Amino acid sequence: AQSVTQLDSQVPVFEEAPVELRCNYSSSVSVYLFWYVQYPNQGLQLLLKYLSGSTLVKGINGFEAEFNKSQTSFHLRKPSVHISDTAEYFCAVSDIGGQGGKLIFGQGTELSVKP
Amino acid sequence: DVKVTQSSRYLVKRTGEKVFLECVQDMDHENMFWYRQDPGLGLRLIYFSYDVKMKEKGDIPEGYSVSREKKERFSLILESASTNQTSMYLCASRKGGRDEQYFGPGTRLTVT
């Protein structure tokens, strides 16, 4: 069975500082990996995804993530955060060829950007 | 643009009532999902459907049922609402394994 662990439930950071949100997964098969963001009182929207190829993936709003197969990690990074990045971030995994394209989500990381 | 809509943003129901949450997607996606979201627990899958009239249990199906009579519509039913079903409910749809999952805005259900 697959599982996703987000190692930090809350990450406070000052504006313009760099940030890394950590995600580890476990799976016995090859996977696709996703990061989603949820702003207050909204649904989730896709930040970026890794399907294959280059292990460094760039997404919207200046975020990027690196797939590390040996460490089964998919950490999200941004070199300089803004107040508007305050949100909850979810890492998710689905196995290639899985029925229905079911996603397994982590518990979420609350990013709080302070002025 | 893909759009997933949910029938209500906020809903207040009494214990024991039958509750229907409706979800509609407009992009002809085969797969649809219902999640509940609770602080510290992330998103937990209740049920999903990969075709009309097909459904599969997710991780927490107890106390819930679903209906998918048309491809674009996926309904979540609470047969007899209880206070521990107070939560945010998110609907999503997806074409297939490589594609992103699109979410609705959520329904915040309070059962009193």
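In case you missed it, the structure is sitting above this.
Residues numbered from 1 in each chain as written. Chains lettered and ligands numbered in written order. Predicted model: local features only at pLDDT ≥ 70, side-chain atom pairs only at ≥ 80, totals over all residues. Heavy atoms only, no water.

Student: Kindly report on the overall build of chain B, identifying the contributing residues and their values.
Tutor: When its secondary structure is counted, chain B shows zero helices and eleven strands. Helices and strands appear in chain B in the N-to-C order β-β-β-β-β-β-β-β-β-β-β. Relative to the 2.2 N^0.38 estimate, which gives 13 Å for 112 residues, the radius of gyration of chain B is 13 Å and therefore close to what a compact globule would have. Principal axes of the C-alpha set define a box for chain B whose edges measure 40 × 30 × 25 Å. Counting across all 112 residues of chain B, residues that qualify as buried make up 48%. Of the contacts made within chain B by residues no fewer than 6 positions apart, 55% connect residues no fewer than 24 positions apart. Within the structure as shown, chain B displays about 5,400 Å² of accessible surface, and the carbon and sulfur contribution to it stands at 49%. Across chain B, 18 positive and 16 negative side-chain charges occur, with their mean positions spaced 4 Å apart. (Helix = DSSP H or I, 4+ residues; strand = E, 2+ residues; numbered from the N terminus. Rg over C-alpha atoms; globule rule 2.2 N^0.38 Å. Buried < 20%, exposed > 50% of the residue type's maximum accessible area, 1.4 Å probe, protein only. Contact = heavy atoms within 4.5 Å. Areas by Shrake-Rupley, 256 points an atom, 1.4 Å probe, with all protein chains shown as cover. Lys, Arg positive; Asp, Glu negative; His and termini not counted. Charge placed at Lys NZ, Arg CZ, Asp CG, Glu CD.)

Student: So, the interface of chain A and chain B: which residues are in play, and what are the values?
Tutor: The partner chain B presents 24 residues to the 22 residues of chain A that form the contact. Sorting the residues of the side of chain A that touches chain B by element identifies β5 (31-38), β6 (44-50) and β10 (87-95) of chain A as the ones contributing at least two each. In terms of residue count, the dominant contributor to the side of chain A that touches chain B is β5(A) (four residues). In terms of residue class, the side of chain A that touches chain B is made up of nine nonpolar, ten polar and three charged. (Nonpolar A, V, L, I, M, F, W, Y, C, P; charged D, E, K, R; others polar.)

Student: A description of the pattern of salt bridges should follow, citing residues and the corresponding values.
Tutor: All names here are of chain B. All told, the structure shown has 13 salt bridges over all chains when counted by the stated rule. A salt bridge links E30 to K71; the shortest N-O distance between them is 3.7 Å. Of this pair, E30 sits in the loop between β3 (19-25) and β4 (31-38) while K71 is found in the loop between β7 (64-70) and β8 (73-78), placing the two residues 41 residues apart along the sequence. On the accessibility criterion, E30 (26% relative accessible area) is partly exposed. Residue E69 pairs with K53 through a salt bridge whose shortest N-O separation is 2.4 Å. Of this pair, E69 sits in strand β7 while K53 sits in the loop between β5 (42-51) and β6 (54-57); the two residues are 16 residues apart in sequence, bridging distant segments of the chain. Three or more residues joined by partner-sharing salt bridges are found here, namely D28, E30, K71 and K95. (Salt bridge = Lys/Arg side-chain N within 4 Å of Asp/Glu carboxyl O.)

Student: How would you sum up the environment of Q2(A)? Please name residues and give values.
Tutor: Structurally, the position occupied by Q2(A) is in the segment before β1 (3-6). Ignoring sequence-local partners within four residues, the contact set of Q2(A) consists of S26(A), S27(A), V29(A), V31(A), V93(A), S94(A), D95(A) and I104(A).

Student: Describe the sheet that holds β3(B), and please don't skip the residues or the numbers.
Tutor: All names here are of chain B. If you walk across this open sheet you meet the four strands as β1-β3-β8-β7, and the pairing is antiparallel. Of all the strands in the sheet, the pair left with one neighbour each is β1 (4-6) and β7. This sheet shows a mean twist of 20° between the axes of neighbouring strands, independent of strand direction. Two strands pair when backbone bridges link them, and β1 and β3 are joined in this way by three bridges, in the antiparallel orientation. Its bridge partner lying in β3, V4 is registered against Q25. (Pairing = 2+ DSSP bridges. Axes fitted to C-alpha atoms, helices over the stretch in contact; angles between N-to-C directions.)

Student: I'd like a description of the nonpolar core, backed by residues and values.
Tutor: Grouped together as the largest cluster of nonpolar side chains are 28 residues, with contacts concentrated most on L33(A), W35(A), L47(A), L48(A), F74(A), L76(A) and Y89(A). Those residues in contact with F74(A), other than ones at most four positions away along the chain, are C23(A), L33(A), F34(A), W35(A), L48(A), Y50(A), A65(A), E66(A) and F67(A). (Core = buried A, V, L, I, M, F, W, Y, C linked by side-chain atoms within 4.5 Å.)

Any functional reading would require information beyond the geometric quantities listed.
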